[in-house]
Amino acid sequence: MSTVMLNSTPVSIGGRFPRAGETAHSFMLVDIQLLDVPLSKFWGQRKLIAVVPSLDAAIGLTIARKLETIGYLLKNTVIMTVSVDTPYALSRIMDSEGFRKIQLMSTLRGRDFHKDYGVMITDIPLSGLMTTALFALDVDDTILYSELVSDLNAEPNYQSALDLLDPPAIVVTEIEVLSVE
């Protein structure tokens with residue numbers, strides 16, 4: 001079992017966190033149209049997968065906005081933000097934020113994702129949510145980068161993940177979040 005911090009308080013995380021070099025565990029998530037989406041749908045493309053507690057939480061929306069900006073610079077890469085939010089909430093956020101480059105996914109029917117990706121918060125009152133994490137996968141679903149973010153309210157190291165994509169993707173030090181009007 002792992003531990004992350006939230007406001008200086010340890011939070012227990014269950015499941016098995018995958019490591020670089022392993023093959024990513026298959027999953028079934030739900031998109032904003034309530035359709036099941038398996039990992040295999042993205043075979044042959046690189047994948048950047050961010051896990052967040054909720055897109056209604058400030059950190060979740062911050063990460064999604066940063067990934068949306070990064071998405072405009074990447075080729076042959078699917079970018080997903082995974083949360084426990086309902087597809088209805090994700091659709092509302094997608095529309096209000098004007099997201100076009102990222103896919104918002106729900107664990108509505110894919111609760112095994114929590115355990116299989118080692119992001120399951122087990123402590124009450126947050127049990128059922130997921131902690132913040134980032135994964136980079138190559139075209140054949142080999143994990144190139146996996147980060148369990150040490151603080152629930154912190155952003156992952158985007159640059160480390162992008163550096164391991166083949167070929168290396170981009171440098172994000174100068175990227176600012178685009179505002180959609």
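Residues numbered from 1 in each chain as written. Predicted model: local features only at pLDDT ≥ 70, side-chain atom pairs only at ≥ 80, totals over all residues. Heavy atoms only, no water.

Going by the annotation in an unreviewed UniProt entry, the name recorded for the chain is Thiol peroxidase, with Deefgea salmonis given as the source organism.

Chemist: Outline helix H2 (residues 87-97), supporting the account with residue identities and numerical values.
Modeler: Among the residues making up H2, those that are buried are Pro87, Ala89, Leu90, Ile93, Met94 and Glu97. Mapping the buried residues of H2 onto a view down its axis gives an arc of 155°, with all of them on the same face. Opposite the packed face of H2, turned more than 90 degrees from it, sit the exposed residues Tyr88, Asp95 and Ser96. Residues of H2 that are buried sit in contact with strand S3 (28-30), helix H1 (58-71), strand S6 (77-83) and strand S7 (102-106). (Buried < 20%, exposed > 50% of the residue type's maximum accessible area, 1.4 Å probe, protein only. Helix = DSSP H or I, 4+ residues; strand = E, 2+ residues; numbered from the N terminus. Arc of directions from axis to C-beta. Contact = heavy atoms within 4.5 Å.)

Chemist: Tell me about the nonpolar core, and please be specific about residues and values.
Modeler: With 25 residues, the main nonpolar core has Leu48, Leu67, Phe99 and Leu104 as its most contacted residues. Elements supplying a minimum of two residues to this core: strand S5 (46-51), H1, H2, S7, strand S9 (133-137) and helix H4 (158-164). Element by element, the count of residues in this core is highest for H1, at 6 residues. Setting aside residues no more than four positions away along its own chain, leucine 67 makes contact with Leu48, Ala50, Ile79, Met80, Thr81, Ile102 and Tyr158. Residues Phe17, Met80, Val84 and Ile143 belong to the second largest nonpolar core, which totals 22 residues. (Core = buried A, V, L, I, M, F, W, Y, C linked by side-chain atoms within 4.5 Å.)

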